[in-house]
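These are the residues of each chain, in order.
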Amino acid sequence: MPLLDAATRVRERAYAPYSRFKVGAAIRSVEGNMHVGCNVENVAYPEGTCAEAGAIAAMIAAGDTRIAEICVIADSPEPVPPCGGCRQKIAEFAAQEVVVTLCTTDGKSKQMTVAALLPGVFTAAHMDRS
Ligand code: THU
């Protein structure tokens, strides 16, 4: 699976000296291109960024617009779920039915939709008073 291969490769580049938990993410955009990201930590811990955020930033910087599919991998006992903030970030750029594949480095995987990952998502419609 090309997305899994790309996420696996970029995971190796993660900068995670504090948690020692490397994460890789790969997106296939609706435009048909692949974009990758890894977590980049910081000694000021809250300044670190997640792999998913990096992949989304790469997608937007490349000029693509929407997520068609996303895969995340980490060396965890069970397929690693995106953090709450990343669920909201993914939902900004993905339709509710988009599949998120969660993987472990030892071959486990789980697939969820964006809707299942973030029920009750906050959207622009919630700011509409008219
Ligand atoms: N992390 C991600 O990059 N993505 C996730 O979905 C979960 C957590 C990173 C953030 C931090 O660098 C490390 O994993 C430990 O939380």
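Scroll up to find the structure this text is about.
For the structure given in this document, a descriptive report is provided here.

### Re the overall build of the chain
Okay, step 1: Looking only at helices and strands, one finds four helices and five strands in the chain.
Okay, step 2: In sequence order, the secondary structure elements of the chain are arranged as α-β-β-α-β-α-β-β-α.
Okay, step 3: Overall, the chain is about 50 × 35 × 30 Å in size when its C-alpha atoms are taken along their principal axes.
Okay, step 4: The burial tally for the chain puts 38% of its 130 residues in the buried class.
Okay, step 5: A total of about 7,200 Å² of accessible surface is found on the chain, and carbon and sulfur atoms cover 56% of it.

### Section: unusual backbone geometry
Okay, step 1: A positive phi is found at Arg-20, a non-glycine position, where the angle reads about 60 degrees.
Okay, step 2: Within the element layout of this structure, Arg-20 appears in the loop between helix 1 (2-11) and strand 1 (23-29).

### Regarding the nonpolar core
Okay, step 1: Counting residues in each nonpolar core, the largest one holds 22 residues, and the members touching the most others are Ile-27, Ile-67, Ile-70, Ile-90 and Val-114.
Okay, step 2: Of all the elements in the fold, those that place two or more residues in this core are strand 1, helix 2 (51-61), strand 3 (67-74), helix 3 (84-93), strand 4 (94-104) and helix 4 (114-117).
Okay, step 3: In this structure, Ile-70 is in contact with Leu-3, Ala-26, Ile-27, Glu-52, Ile-90, Val-99, Val-100 and Thr-101, ignoring residues within four places of it in sequence.
Okay, step 4: Counting seven residues, the second-largest nonpolar core is a separate cluster that includes Leu-3, Ala-7, Cys-71 and Ile-73.

### Focus: the pairing of strand 5 (residues 109-113)
Okay, step 1: In this structure, strand 4 lies alongside strand 5, joined through five bridges in antiparallel fashion. Residue pairing in the sheet places Thr-101 in a bridge with Gln-111 of strand 5.
Okay, step 2: Between strand 4 and strand 5, which pair antiparallel one after the other, the connecting turn spans four residues, and Gly-107 there sits at a positive phi close to 100 degrees.

### Let's talk about the site of the ligand
Okay, step 1: In the vicinity of the ligand, the contacting residues are Ser-19, Phe-21, Val-23, Asn-39, Glu-41, Cys-50, Ala-51, Glu-52, Pro-81, Pro-82 and Cys-83.
Okay, step 2: For the ligand, an oxygen atom lies 2.9 Å from a polar atom in the side chain of Asn-39.
Okay, step 3: For the ligand, an oxygen atom lies 2.5 Å from a polar atom in the side chain of Glu-41.
Okay, step 4: With the chains in place, 77% of the 370 Å² that the ligand exposes on its own is no longer accessible.

### Let's talk about the packing of helix 2 against helix 3
Okay, step 1: Remark: helix 2 packs on helix 3, axes separated minimally by 9 Å, with the N-to-C direction vectors making an angle of 25 degrees. Accordingly, the angle class assigned to the pair helix 2 and helix 3 is roughly parallel. In this structure, helix 2 meets helix 3 at a crossing whose hand is left-handed. Together, Glu-52, Ala-53, Ile-56, Met-59 and Ile-60 of helix 2 and Cys-86, Lys-89, Ile-90 and Phe-93 of helix 3 make up the contact between the two elements.
Okay, step 2: Partitioned by chemical class, the residues of the contact of helix 2 with helix 3 number seven nonpolar, no polar and two charged.

### Comments concerning the side chain of Thr-104
Okay, step 1: Within the secondary structure layout, Thr-104 lies in strand 4.
Okay, step 2: A relative accessible area of 3% means that Thr-104 is categorised as buried.
Okay, step 3: Look past the residues within four positions of Thr-104 in its chain and what remains in contact with it is Ile-73, Ala-74, Ser-76, Pro-77, Glu-78 and Pro-79.

Rules behind the numbers
- Residues numbered from 1 in each chain as written.
- Predicted model: local features only at pLDDT ≥ 70, side-chain atom pairs only at ≥ 80, totals over all residues.
- Heavy atoms only, no water.
- Helix = DSSP H or I, 4+ residues; strand = E, 2+ residues; numbered from the N terminus.
- Buried < 20%, exposed > 50% of the residue type's maximum accessible area, 1.4 Å probe, protein only.
- Areas by Shrake-Rupley, 256 points an atom, 1.4 Å probe, with all protein chains shown as cover.
- Core = buried A, V, L, I, M, F, W, Y, C linked by side-chain atoms within 4.5 Å.
- Contact = heavy atoms within 4.5 Å.
- Pairing = 2+ DSSP bridges.
- Near = heavy atom within 4 Å.
- Polar contact = N/O pair within 3.5 Å; in protein donor to acceptor, adjacent residues only side chain to side chain.
- Axes fitted to C-alpha atoms, helices over the stretch in contact; angles between N-to-C directions.
- Parallel < 35°, antiparallel > 145°, perpendicular 65-115°, else oblique.
- Left-handed = near helix turned anticlockwise from the far one by under 90°.
- Nonpolar A, V, L, I, M, F, W, Y, C, P; charged D, E, K, R; others polar.

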